[in-house]
Amino acid sequence: MAPLRWGIIGAGRISEDFVTALRTIRSDSDEPLHEVIAVASSDLQRSRDFCKRQKIAEENALGSYEQLVALEQVQAVYIGTIHTMHLDHSKLAMNAGKAVLCEKPVTVNSRELDEMIACAKKNDVFLMEAVWSRFLPSYCHVRDVIRSGEIGEPLCVQASFGFRMPDDAPIERLVRKELAGGALLDLGIYVMNVAMTAFDNAKPEKVTAAGHLFDTGVDHTVGFTLSFSGGRVANLLVSCNVDLPCEAFIMGSKGQLKLPKPFWCATEVHHSGPTGVKTFPLPEADGPWNFINSCGLRYEAEEVRRCVEAGRKESDIMSHAHSRLFMEIMDSLRSQVGYTLPQDSS
C-alpha cells in the first residue's frame, strides 16, 4: 500500500507534532502509511531546522509555499500556519490540485470559510478542518455510547477550557487582533465540539454569550450557552486569563459521561454506571511532543488518507457543514462580546 505523500506548510510546533504523529502510522506489514515530502516556511532556515529535528532530508526544506504546492509528488498539504493565513495557504494548495487538512480554526469567519469551500469544490479536491478531537478513540467511544442509549437522551453539556497566561509573558498570537487572537478562536471549538458530539451536530436554536476583552480588543474570557430543541442545553466557558477545570460532562436522561482534563484530547472516558472508566492509550512515538497527547493527531491524518484513497472530497466525521456550523456560532459569539475583525467587513 503506497503511503499518502504530504507537504507541510508552516514549520511551527503543531506542525512538528503532526509530523511526529505521522511516523506512528504503519501498515500490518510495518510499512509507513504516510510520508512527508517537503516542509515549507517563509523562513528557509526555519524549514531546515524543522527538517533536521524531524530527520527529514535537508533538500526537502523549502523557503516558499509556492515551491511546495508545485511538487507533483505531494498529494496532501497540512496547513499549520496562523489562522489569519489559513484561507490564502489553503487556496494556494487547492488551486494546485492538493488535498488539504487545515488546522483549526479553519478560517476567522464564515465568509472566509465559504470562500475556502468554494475553492475546494471548484478544484474538486478534499478539504477538512483539523478538529482532531473528533477522531480520537475516546470521542469515537463517546459517540458509540450515546448511540447505544446507555446514558439515555443527552440533555445537558458542561465544558470549560482555560489557562492564565503569564502576566510578564503574554502569548502574542492570543492577544493581538491582527493575528485574530482571543480565547474563542483558539479554544472555543473544543468546548463546542463536546456539545456537537452530544447532540449529533444539531444547530442550536439560540446562542447567548457574555465576556470580556483585552485592551487589544480580542476576547480573554467568554461564557456562552447553546440552546437546542427538546430542552437540550450546553453551558460552555473559555478563557486565556484564568485557569479552568478543563473537563467536559455529557448528562443524559439515564446517566452521564465525563471527559477528564485534558478533555479535548482525553485518553479516558468516565461512565456514571457499571462500565466505570474506559481507557484509550495512545501509541508510543520516537520523538518529543510540544503539546499534550499530540500523538492523537495521527487519527485525523488517517481519516484524510482514507478519504483521499476513496476519492472523497470531505469527511463525514468533520464535514464542510460541520465547519460551517462551528464558524456560524463563532461569528455570533464574537459579535455578542464586541470582538470584531477587519476580515468581518471585507
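For the structure, check the block above.
About the cut-offs
- Residues numbered from 1 in each chain as written.
- Predicted model: local features only at pLDDT ≥ 70, side-chain atom pairs only at ≥ 80, totals over all residues.
- Heavy atoms only, no water.
- Helix = DSSP H or I, 4+ residues; strand = E, 2+ residues; numbered from the N terminus.
- Rg over C-alpha atoms; globule rule 2.2 N^0.38 Å.
- Buried < 20%, exposed > 50% of the residue type's maximum accessible area, 1.4 Å probe, protein only.
- Contact = heavy atoms within 4.5 Å.
- Pairing = 2+ DSSP bridges.
- Salt bridge = Lys/Arg side-chain N within 4 Å of Asp/Glu carboxyl O.
- Axes fitted to C-alpha atoms, helices over the stretch in contact; angles between N-to-C directions.
- Parallel < 35°, antiparallel > 145°, perpendicular 65-115°, else oblique.
- Left-handed = near helix turned anticlockwise from the far one by under 90°.
- Nonpolar A, V, L, I, M, F, W, Y, C, P; charged D, E, K, R; others polar.

Peer 1: Looking at this structure, how should I read the overall build of the chain?
Peer 2: In terms of helices and strands, the chain carries ten helices and 14 strands. Computed over the C-alpha atoms, the radius of gyration of the chain is 20 Å, within 12% of the 20 Å expected from 2.2 N^0.38 for a compact globule of 346 residues. Seen through its principal axes, the chain has C-alpha atoms that stretch 55 × 50 × 45 Å. When each of the 346 residues of the chain is scored for burial, the buried share is 55%. The long-range share in the chain, meaning contacts at least 24 apart out of those at least 6 apart in sequence, stands at 69%.

Peer 1: Just to check I follow, could you spell out the pairing of strand S5 (residues 99–103) for this structure?
Peer 2: The side chains of a regular strand alternate, first on one face of the sheet and then on the other. Counting buried positions over the five residues of S5 gives five, a clear majority of the element. By the alternation rule, side chains of S5 split into Ala99, Leu101 and Glu103 and Val100 and Cys102, which are all buried. Two strands pair when backbone bridges link them, and strand S4 (residues 76–79) and S5 are joined in this way by four bridges, in the parallel orientation. Its bridge partner being in S5, Tyr78 is matched across the sheet by Leu101.

Peer 1: I would appreciate a short explanation of unusual backbone geometry in the present structure.
Peer 2: Generally, phi is negative for residues other than glycine and the peptide bonds are trans, each holding for most cases. In this structure, the amide linkage connecting Lys104 to the following residue, Pro105, adopts the cis form with an omega of -10°. Mapped onto the elements of the fold, Pro105 is located in the loop between S5 and helix H5 (110–123). With a phi angle near 55°, Asp124 is a residue other than glycine that sits in the positive phi range. Positive phi, close to 50°, is recorded for Ala180, a residue that is not glycine. Examined against the element boundaries, Ala180 turns out to sit in the loop between helix H7 (172–175) and helix H8 (183–198). Overall, the relative accessible area of 0% leaves Ala180 in the buried class.

Peer 1: Even after reading the chapter, I still don't get the pattern of salt bridges, so can you show me in this structure?
Peer 2: Oppositely charged side chains can form a pair if their charged atoms are brought close together. Counted under the stated rule, the structure contains 20 salt bridges. Among the ionic pairs, Glu178 bridges to Arg176, the shortest N-O distance being 2.9 Å. Put simply, Lys91, Arg111 and Glu115 are held in one network by salt bridges that share partners.

Peer 1: Just to check I follow, could you spell out the packing of H5 against helix H10 (residues 320–337) for this structure?
Peer 2: Angle between the axes and distance between the axes are the two parameters that describe a pair of packed helices. With their axes 9 Å apart at the nearest point, H5 and H10 run at an angle of 165° to one another. The orientation of H5 relative to H10 falls into the category roughly antiparallel. For the pair H5 and H10, the sense of crossing is left-handed. Residues Ser110, Leu113, Asp114, Ile117 and Lys121 of H5 lie in contact with H10, whose contacting residues are His320, Ser323, Arg324, Met327, Glu328 and Asp331. Across the contact of H5 with H10, the residue classes tally to three nonpolar, three polar and five charged.

Peer 1: Explain the sheet that holds S4 here, please?
Peer 2: By way of backbone hydrogen bonds, the strands of a sheet pair with one another, either parallel or antiparallel. The strand order S3-S2-S1-S4-S5-S6 describes an open sheet built from six strands, whose pairing is parallel. In the strand order of this sheet, the two ends are held by strand S3 (61–62) and strand S6 (127–130), each with one partner. In the packing of helix H4 (residues 86–95) onto the sheet, the strands contacted are strand S1 (4–9), S4, S5 and S6, and the crossing angle to S5 comes to about 165°.

Peer 1: Is there a simple way to think about the sheet that holds strand S11 (residues 248–252) in this case?
Peer 2: Read across the sheet, eight strands follow the order S8-S9-S10-S7-S11-S12-S13-S14 without closing on themselves; strand pairing throughout is mixed. Each edge of the sheet is formed by a strand with only one pairing partner; in this case those strands are strand S8 (206–213) and strand S14 (277–279). The sheet shows a mean angle of 10° between the axes of neighbouring strands, taken without regard to direction. Pairing geometry for strand S7 (residues 154–162) and S11, over five bridges, is antiparallel. Paired with Cys156 across the two strands is Met251, which belongs to S11. Along the sheet, helix H6 (residues 137–148) contacts S7, S11, strand S12 (256–259), strand S13 (268–271) and S14; its crossing angle with S13, the most-contacted strand, is approximately 25°.

Purely geometric numbers; function is a separate question.
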